[in-house]
Amino acid sequence: MGTPELISPRSPRLVAARRLARRAFRAKERRFIAEGPQAVREAVGHRGEDGAPTLVELFTTVEAAERYADIVDAARAAGARVHHADADVVADVSQTVTPQGLLGVCRFLDSPFESILRARPRLVAVLAHVRDPGNAGTVLRCADAAGADAVVLTDASVDLYNPKSVRASVGSLFHLPVAVGVPVEEAVAGLRGAGVRVLAADGAGDDDLDDELDAGTMGGPTAWIFGNEAWGLPAETRALADAVVRVPIHGRAESLNLATAAAVCLYASARAQRVRTAS
């Protein structure tokens, strides 16, 4: 079998893929880039609510196509168009310092907030005023690991499909429903109406997470609101919550970063819910 034909660097397909680095083009085309074998593998197996495959196209170097032949074959089987490209061409489209040779063009996959509420979620992460894309993706990954049912990004938060967000989620973006652009007031009202207790995570909170666990109040359906790492949650957002909870600092650290605090809170809820179910 001969060497695959390489796509031209001036191909309209590559030009369109390059444009997806910009939010305006992502929103217009409703497409985003997933990079690397883990993200592309998850994209291959994902389908939207309409049943359509999420992965539309795959750009791969010849070396990567050989190394990850199972992913490339699965992409073809799922109906994605596969293009071989020179390593420099893939690097030009890539948003990483060390590209891994696989770039997937994917359809937007966010879910309507209403469908998340209809599913009666038991554990939800709400990202309010989170502006750093790496933080957003990492919290999404934490929520996935803790077994959360959904993630909600408010209209004041970063774009879910920012390349850094997608990379930081390490494939978790494809694992659980994510709603975007929801006003925080609407998010809180909707979740509370679905029987979910809403907690705001804040270092200056009046309630202590350990005390909440000891009191047995964490076992029911719960949504955690996480804010900006630098300046936390605005007072008006904290006021919307049923309680404002701080993660206790037992040592001498000044604080926890957003992703670490989110992991602690989400796992605390997941543990409390499992204990309640078992009892």
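In what follows, the structure referred to is the one given above.
Residues numbered from 1 in each chain as written. Predicted model: local features only at pLDDT ≥ 70, side-chain atom pairs only at ≥ 80, totals over all residues. Heavy atoms only, no water.

Asker: When you look at the overall build of the chain in this model, what are you seeing that I'm missing?
Answerer: Of regular secondary structure, the chain possesses 13 helices and 11 strands. Relative to the compact-globule value of 19 Å for 279 residues, the chain shows a C-alpha radius of gyration of 20 Å, a close match. Summarising its shape, the C-alpha atoms of the chain cover approximately 65 × 35 × 30 Å along the three principal directions. A total of 279 residues make up the chain; the buried ones form 52% of that total. One way to put it: in the chain the 31 positive side-chain charges average out to a point 4 Å from where the 35 negative ones average out. (Helix = DSSP H or I, 4+ residues; strand = E, 2+ residues; numbered from the N terminus. Rg over C-alpha atoms; globule rule 2.2 N^0.38 Å. Buried < 20%, exposed > 50% of the residue type's maximum accessible area, 1.4 Å probe, protein only. Lys, Arg positive; Asp, Glu negative; His and termini not counted. Charge placed at Lys NZ, Arg CZ, Asp CG, Glu CD.)

Asker: Would you mind showing me how to read the layout of surface pockets here?
Answerer: The method is simple in principle: a probe with the dimensions of a water molecule rolls over the atoms, and the space it marks as empty is what remains. Estimates place the volume of the largest pocket at around 450 Å³. What lines the largest pocket is a set of 21 residues, and nearest its centre among them are Asp202, Gly203, Ser255, Leu256 and Ala261. In terms of residue count, helix H13 (residues 258–278) provides more of the lining of the largest pocket than any other element does, three residues in total. The residue inventory of the lining of the largest pocket, partitioned by class, reads 11 nonpolar, six polar and four charged. Considered as a void within the structure, the second largest pocket measures approximately 300 Å³ in volume. Among the residues making up the lining of the second largest pocket, the classes are represented as 10 nonpolar, five polar and seven charged. (1 Å grid on protein atoms, 1.4 Å probe; cavity = no way out; pocket = protein on both sides within 12 Å on 5 of 7 lines; lining within 4 Å. Points joined across faces, edges and corners; volume = space filled by probe spheres on them. Nonpolar A, V, L, I, M, F, W, Y, C, P; charged D, E, K, R; others polar.)

Asker: I tried to follow the sheet that holds strand S2 (residues 55–60) on my own but got confused; where do I start?
Answerer: By way of backbone hydrogen bonds, the strands of a sheet pair with one another, either parallel or antiparallel. Spatially, four strands are ordered S1-S4-S2-S3 in an open sheet, and the strand pairing comes out mixed. Each edge of the open sheet carries a strand with a single partner, namely strand S1 (31–35) and strand S3 (81–84). Ignoring which end each strand starts from, the neighbouring axes of this sheet average 20° apart. Looking at chain direction, S1 and strand S4 (residues 102–107) are connected through five bridges and run antiparallel. Paired with Glu35 across the bridge in S4 is Leu103. This element, helix H1 (residues 12–19), spans S1, S2, S3 and S4 of the sheet and lies at about 105° to S2. Taken strand by strand, helix H5 (residues 69–77) contacts S2, S3 and S4, and its axis lies near 140° from that of S3. (Pairing = 2+ DSSP bridges. Axes fitted to C-alpha atoms, helices over the stretch in contact; angles between N-to-C directions. Contact = heavy atoms within 4.5 Å.)

Asker: Can you walk me through helix H3 (residues 36–44) in this structure?
Answerer: Because an α-helix packs 3.6 residues into every turn, residues spaced three or four apart end up facing the same way. Within the sequence span of H3, burial applies to Gly36, Pro37, Ala39, Val40, Ala43 and Val44. The arc that holds the buried residues of H3, viewed along the axis, is 165°, so those residues lie on one side. Packing partners of the buried residues in H3 comprise S1, S2, H5 and S4. (Arc of directions from axis to C-beta.)

Asker: For this particular structure, what's the right way to read the packing of aromatic side chains?
Answerer: Geometrically, a pair of aromatic rings is defined through the distance of the ring centres and the angle of the planes. Applying the stated criterion across every chain, the model contains five aromatic pairs. Ring plane angle 10° and centroid distance 6.3 Å describe the contact between Trp224 and Phe226, whose orientation is recorded as stacked. Neither residue differs from the other here; Trp224 and Phe226 are each classed as buried. The structure contains a cluster of three or more aromatic residues connected by ring pairs, namely Phe32, Phe108, Tyr161 and Phe174. (Phe/Tyr/Trp six-rings, centres within 6.5 Å; stacked < 30°, edge-to-face > 60°.)

Asker: Please clarify how the state of the cysteines should be interpreted in this entry.
Answerer: A covalent bond between the sulfur atoms of two cysteines is referred to as a disulfide. Scanning all chains against the criterion turns up zero disulfides. Cys265 carries a free sulfur, and the closest cysteine sulfur to it, the one in Cys142, is 11 Å from it. Under the relative-accessibility criterion, Cys265 is labelled buried at 0%. (Disulfide = S-S within 2.5 Å.)

Asker: I would appreciate a short explanation of the environment of Arg167 in the present structure.
Answerer: Within the secondary structure, Arg167 is located in helix H9 (residues 163–169). Between the C-alpha atom of Arg167 and that of Gly205, which follows or precedes it by 38 residues, the distance is 31 Å.

Asker: Help me understand the sheet that holds strand S9 (residues 207–208), please; the structure alone is not making it clear to me.
Answerer: With respect to topology, seven strands assemble into an open sheet ordered S7-S6-S5-S10-S8-S11-S9, the strand pairing being parallel. Both edges of this open sheet fall to strand S7 (178–182) and S9, since each of them pairs with a single strand only. For strand S5 (residues 123–127) and strand S10 (residues 222–226), the ladder comprises five bridges, and the chain directions are parallel. Each residue of the ladder has a partner; that of Val124, found in S10, is Ala223. Packed on one face of the sheet, helix H8 (residues 133–145) meets S5, strand S6 (150–154), S7 and S10 and runs near 175° to S5.

Asker: Quick question: what am I supposed to make of the side chain of Thr222 here?
Answerer: Note on placement: Thr222 falls in strand S10. Polar side-chain contacts of Thr222 include one of 2.8 Å to the backbone oxygen of Gly220. Discounting chain neighbours no more than four positions away, the residues touching Thr222 are Arg122, Leu123, Val124, Val196, Arg197, Leu199, Ser269 and Gln273. (Polar contact = N/O pair within 3.5 Å; in protein donor to acceptor, adjacent residues only side chain to side chain.)

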